[in-house]
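# Tertiary structure, described
Listed below, chain by chain, are the residues.
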Amino acid sequence: MAGWSEKILDIDLNTQTYKTYPLDMEMAHLFIGGRGLGARLLWDMVGPEVDPLSPENVLIFTNGPLTGTGYQTSNRFSVTTKSPLTGTVLDANSGGFWGMQFKKAGYDVMIIRGKSEKPIWIEIKNDAITFHDASELWGMRVFALTQKLGQNNNKRNVLCIGPAGENLSRIAAIMNDRERALARGGPGAVMGSKNLKAIVIEGKDRPEIEDRERFKFMLYETRKLLAASPLTSQALPEFGTVVMMNIVNNIGALATRNHQQTQFEGAEAISGEELTEKYLVKNSSCWACPIGCTRISRTEKVEGEGPEFESTWAFGAQCGIDNLPTIIEANTLCNDLGLDTISTGSTIACAMELSEKGYMDSDLRFGRADQLAPVIEAMAYRQDVGSDLADGSLRLATKYGHPELSMSAKGLEMPAYDPRGMQGQGLLYATSNRGGCHMRGNMLGPEVLGLPKLIDRFQVQGKSSFVILHQNSNAAIDSLVLCKFTNLGVADEYFARVLSAVTGIQYSTGDMIKVGERVWNLERLYNLREGFTRKDDTLPPRLLNEAPTDGPSQGWVVQLEPMLKEYYRGRVWDENGVPTPKKLAELGLANLM
Amino acid sequence: MIDQRIYEMFCDIGRDLYTANMISSHGGNLSVRLGDRVVIKRRGAMLGNLKPNDLIETRLEKNDSGVALASTELLAHRTIYKMTPALAIVHCHPRMAIAFSLSRDEIVPVDNEASYLLKKIPVVTEEFASGTPEMANKVATALQNYKIIMLRGHGSFATGQTLDEAFFWTSTLEEACQIAFYAKLLNEPFIEYRKMSESYNKF
Amino acid sequence: MPLVKLYANLRKLAGTKELPITGATIGAVVNELVKRNPPVGEVILENGKLRQYIVVTLNGHNTIDLETPVTEQDIVAIFPPIAGG
């Protein structure tokens, strides 16, 4: 029994009971864990008739066979559910320490079903599962709650929602280990709809490894390679992810003021260089990670983890704000309230544009740093203008008659990279299974940084091949579960070898990427079953029709049609974007239809 | 219509391969995958001197280029694209690597660069080492787990996301073999400078 | 004169965020920069060639060809190896 614990914990909140049963190992071999296993289980459990905020939706927490083994970055875990924001299959992924503890508690999967009549929190100590009344805790913010429930990074880990999740904000996050987040797509609202306030874990198992010699070898080689890569050994630890601000702005791909421009004149003021110089206390890391990209930042008002590039962008360039301390404070506030920073910032930006254009009656305006904190609070509590914003930019923009001003794909707010400056990224956003997301296959590597080699970011022909490969590869990594920053120094072939060493099952590099392809196709089937079609593989009209008038990306709009056609063919899907029977048979998914 | 940038990439890598003595005048091949199509050098064209109509575009599933026998190795390339995540393939005849392939089943480097990047290069054998389905399958199967492999006596097959990535592995392999050859000639006791190198052949 | 903008740890090494540098091509500009700032050269060059992962842009466009001509109004930006989310 190596790699997997081979056990599922299935919790019913209706009756406050639980049962454990074996994990189907054939399924595990095909989908591995994390995102893959979550998607496969969700396929069986939640169909199109289920409202995401109803008791019939489930939360499926998964770790992977590598989790907790001590391999570099083997701390991550997933939650899978149907998204209340987009209605698609949703997998959200987080780091920190909770995932490691979850593995030590002896389970591969934890399913949360139903709804508790009253607020409840769950305590798990391997076989001992206790349901506690959470009436006193309901209403508490994340930081205070995490401390109160006894957070100790290595021994006892708290996962919880804040007021945003309690109030069913569709952009609410689930937080773990104080400031790590299962952020996108509103999993916090699902947890809130179940009256589940927190899950606290203590574990004592030691994950088993089949081939210890080979594992040691991979551990050593990975350490060597991460140290040799200047990205993972110098850039990320020193500057964190915010270092991207200047580079993305420089090439004219930094979405600004709700994607009205592709460069922000205040980029320097909110850059990684500025953060490091003025507000950085030190760096930090998740469990078993030698990279250390986490920031600990301090302003006059707060000290906490982050901000990340995307968060800084969302409250910065996207809102036209160049006041870094206020942005740092906004990030910390979102963490404490349990909100996804990307969706929160981009929704505020949408509201700013709607208000400036007179479609919406509010005083929100681009550049108003002073408005951030109050509106974020209002969103978490659904008060005043916050009630309009709490469910994301698409619902907001639709309400005020201009859905095209929501910078989202399938309802999920897009991140910082403006695809008019990166054609491949546009295809990525349009085809991502959970909506506008860069973590499903970031083209930043090939199109901007030259990883592994630079390709022309404006080239369209052949771009889909890269997007497909990156989507498949990322889906595989999300199923192991590892951090994608390891991939910056260590190639996929190492992960396949580690997986083989831990589980004793021989996965070639191609086998592992195929797992990713399988997961991708399954997620696609899920969305098709929900009623999504080819016409949902699209982007806001602004990105397809309005070219930037200055900057390096001047004159470019996203050439989606030709890329999408090539993409469908490359994936062996029909011209409507439906996986062909031949492809499904090849991936072992034919029996699902 | 093949994008000009893709054509230029073929020319650059082709010329680099030829001038580095890794291919004869008309041998070897380069290809890239564009969605469900493959762009590959026409049979009889010179890698070191490619002209625009030396590149053929065909469907991945079968050869519909309208050019009979677009390349002897087209089958191998298509098979590799179907069986692996490769987006680009470099196939050439690196001399020292071929010499090494004649007497071993795997090439394990002694130099630092290849120790970091490659660790082990498997050698596969096939009776008809050109153009057959058996050879295509064997090569593609090996490439499911390694970025670059040798076909004994014939040459190297390397995959990557771009042609220059596949070229990088090819060039690193040839460099590794040349260094190993010099070490053999020097014939002095090897001072092991790497930790855990005894595991490379198990990579 | 073309303007060179520096980012991340290159700023500390050069003691500045940006500086005008003469040169007719990208390569010439880089060489002049390195002559004035050997510590920067340590980071961005190896055997006289740009190291892998160094990103150089000309007015926001990635440039790997050092022969690319540079004019008076151009901005050359140099990034050391960096990555993000």
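Residues numbered from 1 in each chain as written. Chains lettered and ligands numbered in written order. Predicted model: local features only at pLDDT ≥ 70, side-chain atom pairs only at ≥ 80, totals over all residues.

## Details of the overall build of chain B
Looking only at helices and strands, chain B has 6 helices and 8 strands in total. For chain B, the α and β elements follow one another from N to C terminus as α-β-β-β-α-β-α-β-α-β-α-β-β-α. On the principal axes, the C-alpha backbone points of chain B span a range of 55 × 30 × 25 Å. Counting every position in chain B, which comprises 203 residues, the buried fraction comes to 47%. Restricting to contacts in chain B with at least 6 residues of sequence separation, those with at least 24 account for 65%. (Helix = DSSP H or I, 4+ residues; strand = E, 2+ residues; numbered from the N terminus. Buried ≥ 20, exposed ≤ 12 C-beta atoms within 10 Å, placed from the backbone. Contact = placed C-beta atoms within 7 Å.)

## A short note on the overall build of chain C
The secondary structure content of chain C amounts to 3 helices and 7 strands. Here chain C has a C-alpha radius of gyration of 12 Å; the compact-globule value for 85 residues is 12 Å, and the two agree. Along the longest, intermediate and shortest principal axes, the C-alpha atoms of chain C span 30 × 30 × 25 Å. Here chain C, with 85 residues, has 39% of them falling under the buried criterion. (Rg over C-alpha atoms; globule rule 2.2 N^0.38 Å.)

## Here's the deal with the environment of C286(A)
Residues and elements named next belong to chain A. Relative to the elements of secondary structure, C286 occurs in the loop between β13 (280-284) and β14 (294-298). Judged by the 24 C-beta atoms lying within 10 Å of it, C286 falls in the buried class. Beyond its immediate sequence surroundings of up to four residues, C286 is in contact with T73, N75, G95, G96 and F97.

## Brief notes about the packing of helix α17 (residues 423-431) of chain A against helix α19 (residues 463-480) of chain A
All names here are of chain A. Where α17 contacts α19, the axes come no closer than 9 Å and their chain directions differ by 50°. The orientation of α17 with respect to α19, classified from their angle, is oblique. The handedness of the crossing between α17 and α19 comes out as right-handed. Here Q423, G424, L427 and L428 of α17 lie close against α19, whose contacting residues are K463, S464, F466 and V467. Among the residues making up the contact of α17 with α19, the classes are represented as 4 nonpolar, 3 polar and 1 charged. (Axes fitted to C-alpha atoms, helices over the stretch in contact; angles between N-to-C directions. Parallel < 35°, antiparallel > 145°, perpendicular 65-115°, else oblique. Left-handed = near helix turned anticlockwise from the far one by under 90°. Nonpolar A, V, L, I, M, F, W, Y, C, P; charged D, E, K, R; others polar.)

## Considerations on the pairing of β14(A)
All names here are of chain A. In this sheet, β14 lies alongside β13 in antiparallel orientation, the contact comprising 4 bridges. Looking across to β14, one finds that K282 is bridged to I296. Both β14 and strand β15 (residues 303-305) contribute to a ladder of 3 bridges, which runs antiparallel. In the strand pairing of β15, I296 is matched with E305. Where β14 folds back on β15, the antiparallel hairpin that results is connected by 4 residues. (Pairing = 2+ DSSP bridges.)

## Some words on the interface of chain A and chain C
The interface of chain A with chain C comprises 25 residues on the first partner and 20 residues on the second. Counting only elements with at least two residues in the side of chain A that touches chain C, the list comes to α8 (230-239), α9 (244-250) and α11 (309-315) of chain A. Ranked by the residues each element gives to the side of chain A that touches chain C, the list is headed by α8(A), at 7 residues. Looking at the side of chain A that touches chain C, its residues break down into 14 nonpolar, 7 polar and 4 charged.

## Thoughts on the sheet that holds strand β1 (residues 3-6) of chain C
Residue and element names in this part refer to chain C. Within the open sheet, the 5 strands sit side by side as β2-β1-β7-β5-β6. Their pairing is mixed. Each edge of the sheet is formed by a strand with only one pairing partner; in this case those strands are β2 (18-20) and β6 (61-62). Across 4 bridges, strand β5 (residues 55-58) lies against strand β7 (residues 75-79) in antiparallel orientation. Residue pairing across strands places L58 opposite V76, the latter belonging to β7.

## Considerations on the confidence of the model for chain C
Residue and element names in this part refer to chain C. Averaged over every residue, the pLDDT of chain C is 89; the share at 70 or more is 96%. Element-level pLDDT for chain C is lowest in strand β4 (residues 49-50), with a mean of 84, against a maximum mean of 95 in β1. Across the whole predicted complex the pTM is 0.95, and at the interface the ipTM reaches 0.93. (pLDDT = per-residue confidence, 0-100.)

## Focus: the pairing of strand β2 (residues 17-22) of chain A
Residues and elements named next belong to chain A. Among the 6 residues of β2, 0 are classified as buried, and the element is accordingly described as predominantly exposed. In this sheet, β2 lies alongside strand β1 (residues 7-12) in antiparallel orientation, the contact comprising 6 bridges. If you follow K7 over to β2, its bridge partner there is P22. Between β1 and β2, which pair antiparallel and follow one another directly, the connecting turn spans 4 residues, one of which, Q16, has a positive phi of 50°.

## Description of unusual backbone geometry
Residues and elements named next belong to chain A. Of note, the amide linkage connecting L451 to P452 takes the cis form, showing an omega dihedral of -5°. When you line up the elements, P452 lands in the loop between α18 (444-449) and α19. L480 connects to V481 through a cis peptide bond whose omega is 0°. One can find V481 in the loop between α19 and α20 (492-503). Backbone geometry at E6 places phi at a positive 65°, although glycine is not the residue there. Considering the arrangement of structural elements, one finds E6 in the segment before β1.

## Re helix α2 (residues 34-45) of chain A
All names here are of chain A. With 12 residues, α2 extends 16 Å between its outermost C-alpha atoms, agreeing within 8% with the 16 Å of an ideal straight helix rising 1.5 Å per residue. Extensive coverage of α2 is indicated by the burial of 9 of its 12 residues. For α2, the set of buried residues is G34, R35, G36, L37, G38, A39, R40, L41 and L42. (Expected span 1.5 Å × (residues − 1).)

## What about the packing of α20(A) against helix α21 (residues 509-530) of chain A?
Residues and elements named next belong to chain A. Orientation of α20 relative to α21, taken along the N-to-C sense of each, is 95°, at an axis distance of 8 Å. For the element pair α20 / α21, the angle class is roughly perpendicular. Counting all contacts with α20, which are made through D492, E493, F495, A496 and L499, the residues of α21 involved are T509, D511, M512 and I513. When grouped by side-chain class, the residues that make up the contact of α20 with α21 number 5 nonpolar, 1 polar and 3 charged.

## Structural notes on the nonpolar core
Within the largest apolar cluster, 270 residues are counted, with the highest numbers of intra-cluster contacts made by L339(A), I376(A), V498(A), V139(B), I149(B), L163(B) and I78(C). Excluding residues within four positions of it along the chain, V139(B) makes contact with A76(B), I80(B), V124(B), I149(B), L151(B) and F157(B). (Core = buried A, V, L, I, M, F, W, Y, C linked by C-beta atoms within 7 Å.)

## Remarks on the interface of chain A and chain B
The partner chain B presents 25 residues to the 27 residues of chain A that form the contact. Of all the secondary structure elements, the ones that give two or more residues to the side of chain A that touches chain B are α7 (212-228), α19, α21 and α23 (560-570) of chain A. Its residues assigned to classes, the side of chain A that touches chain B shows 11 nonpolar, 10 polar and 6 charged.

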